[in-house]
Amino acid sequence: MQKLSPRKSPFSTESTGTCVFVSAGRGPYENTLHVLSNIDLSPSRGKRVLLKPNAGRVALPGDAITTEAQVVAAAVDAFRDAGAHVSIGESPIAGVNVLEAFESCGIAEIARHRNCPLIDMDARPGVDIEVPNGLAVNCLKICSDVLEHDLIISIPVMKMHMHTGVTLAVKNMKGCLWKRSKVKLHMLPPVIGYDEKSINIAISDMAGVLRPDLSIIDGTVGMQGLGPSAGEVKELGVVVAGADPFAADAVACRLMGTDPKMIPHLAISAERGYGVIDLDRITVSPTNWQDWAKVFDKPPENLSISFPNVTIFDESSCSACQSTVLLFLKRHGDKLFDYFPKDVKLNIAIGKGHKNLPIGTLCIGNCTAQHRDRGIFVKGCPPVGSEIMQTISGNPSDDTG
Ligand code: SF4
């Protein structure tokens, strides 16, 4: 097992360590160049720089699911101007082909145009790294590309998240974990002494060893409500950048109308000294940055609020199955009740560890296989929406989920 010590960001100086820059109103490409113009990128000269956008799902530009391609384009150009060797890499959620995801969101196109390498970070074996002070995990399997680059730049989209409150620069680094090792973070037992979900503590553990050297947060179009993939688009038109990913996340939280201290993985990490989330200790430029804030709807605590005829039993599922179910309900919710009685609530189960499930439950994903005799079972890890509909209806569908 390898050791990986979090390094001090070379872009963090006395003046920029807890300084965050915001730009709005110029469009995604110029906003990104503008925030980066405030940061001395010269330490990247001659270095191998890995840009890590959020391209973990197959989604279209403007859906607010993946990073806006023009933000990534500007980051490529800025680091190349500084003399860096730039690549773009991602390890997507279970069941997604990352090259298809890059293509769909437009990042493949901007990379081709610039002759910039695109890396499927799952293509080679992962590397086990130690998490010395881990509370929820003491080992993580990360993509080898992360170790082979000198600098990592986290480029997430501003999104609310059903299980972690928000997903921004710190959480985006979960896409550096190799293949299905990401899934393990959703299957952890409770951490003794903590009320927080173990996924949030595990993200903080990850941040103890794996932090970006610079964070560029794409707030061109964010996602409110049922993030990270089934929420509503919220136009903001901003880009945020900073050397401290926690400070950048804290500023992004405030722009989304959320208190960063209420986001468990940020609060736990700040307590451990990994970064600063106290806005009174962060210098934000320009000073009128809060004029650009828009309040994002929080994720509902109970999914039945959004889908009143459905009860979802969720035991330690991962976001791949959650996204599958949420997108499935959004797209096929109306059709569903052609196959189930209208006057009875539909029960859907996802995740591992259910003790008992009501008769007739729709069990989605391999984690629910042991309950297949309770109702209808849809295999897959995760299954796609078309497979769920096909299993329910017995008819083929051309929806790719
Ligand atoms: S079946 Fe679903 S919840 Fe289980 S590991 Fe696969 S994607 Fe995650």
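Residues numbered from 1 in each chain as written. Predicted model: local features only at pLDDT ≥ 70, side-chain atom pairs only at ≥ 80, totals over all residues.

Within an unreviewed UniProt entry, the label attached to the protein reads DUF362 domain-containing protein, and the organism entered is uncultured Desulfobacterium sp.

## Topic: the UniProt feature "domain: DUF362" (unreviewed entry) in the protein
Under the feature "domain: DUF362" (unreviewed entry), the UniProt entry names residues 49-254. Helix makes up 31% of residues 49-254 and strand 28%. Its end C-alpha atoms lie 29 Å apart. (UniProt positions renumbered as here; feature names shortened; annotations may be inferred. Helix = DSSP H or I, 4+ residues; strand = E, 2+ residues; numbered from the N terminus.)

## Describing helix α4 (residues 107-114)
By the burial criterion, the buried members of α4 are Ile107, Ile110 and Ala111. On an axial view of α4, the arc spanned by its buried residues comes to 100°, and they lie on one face. In α4, the exposed positions that point more than 90 degrees away from the buried face belong to Arg112 and His113. If you follow the buried residues of α4, they end up packed against β2 (48-53), α2 (69-81), β3 (85-90), α3 (98-105) and β4 (118-120). Looking at the residues trailing α4, positive phi occurs at Asn115, about 55°. (Buried ≥ 20, exposed ≤ 12 C-beta atoms within 10 Å, placed from the backbone. Arc of directions from axis to C-beta. Contact = placed C-beta atoms within 7 Å.)

## Side note on the site of the ligand
Looking at the ligand, there are 13 residues lining it, with Cys318, Cys321, Gly365, Cys367 and Cys381 nearest. Mapped onto the shell around the ligand, the elements with two or more residues apiece are α11 (319-336) and β14 (346-351). The residue makeup of the shell around the ligand, split by class, is nine nonpolar, four polar and no charged. (Near = placed C-beta within 6 Å. Nonpolar A, V, L, I, M, F, W, Y, C, P; charged D, E, K, R; others polar.)

## Details of the packing of helix α8 (residues 198-209) against helix α10 (residues 264-271)
Packed helices, taken two at a time, are described by their axes: the angle between them and the distance between them. Between α8 and α10, the shortest axis-to-axis distance is 8 Å and the interhelical angle comes to 45°. Put simply, α8 runs oblique to α10. Crossing geometry of α8 relative to α10 is assigned as right-handed. Along its contact with α8, which presents Asn200, Ile201, Ile203, Ser204 and Ala207, the element α10 presents Pro264, His265, Ile268 and Ser269. Of the residues belonging to the contact of α8 with α10, the class tally is five nonpolar, four polar and no charged. (Axes fitted to C-alpha atoms, helices over the stretch in contact; angles between N-to-C directions. Parallel < 35°, antiparallel > 145°, perpendicular 65-115°, else oblique. Left-handed = near helix turned anticlockwise from the far one by under 90°.)

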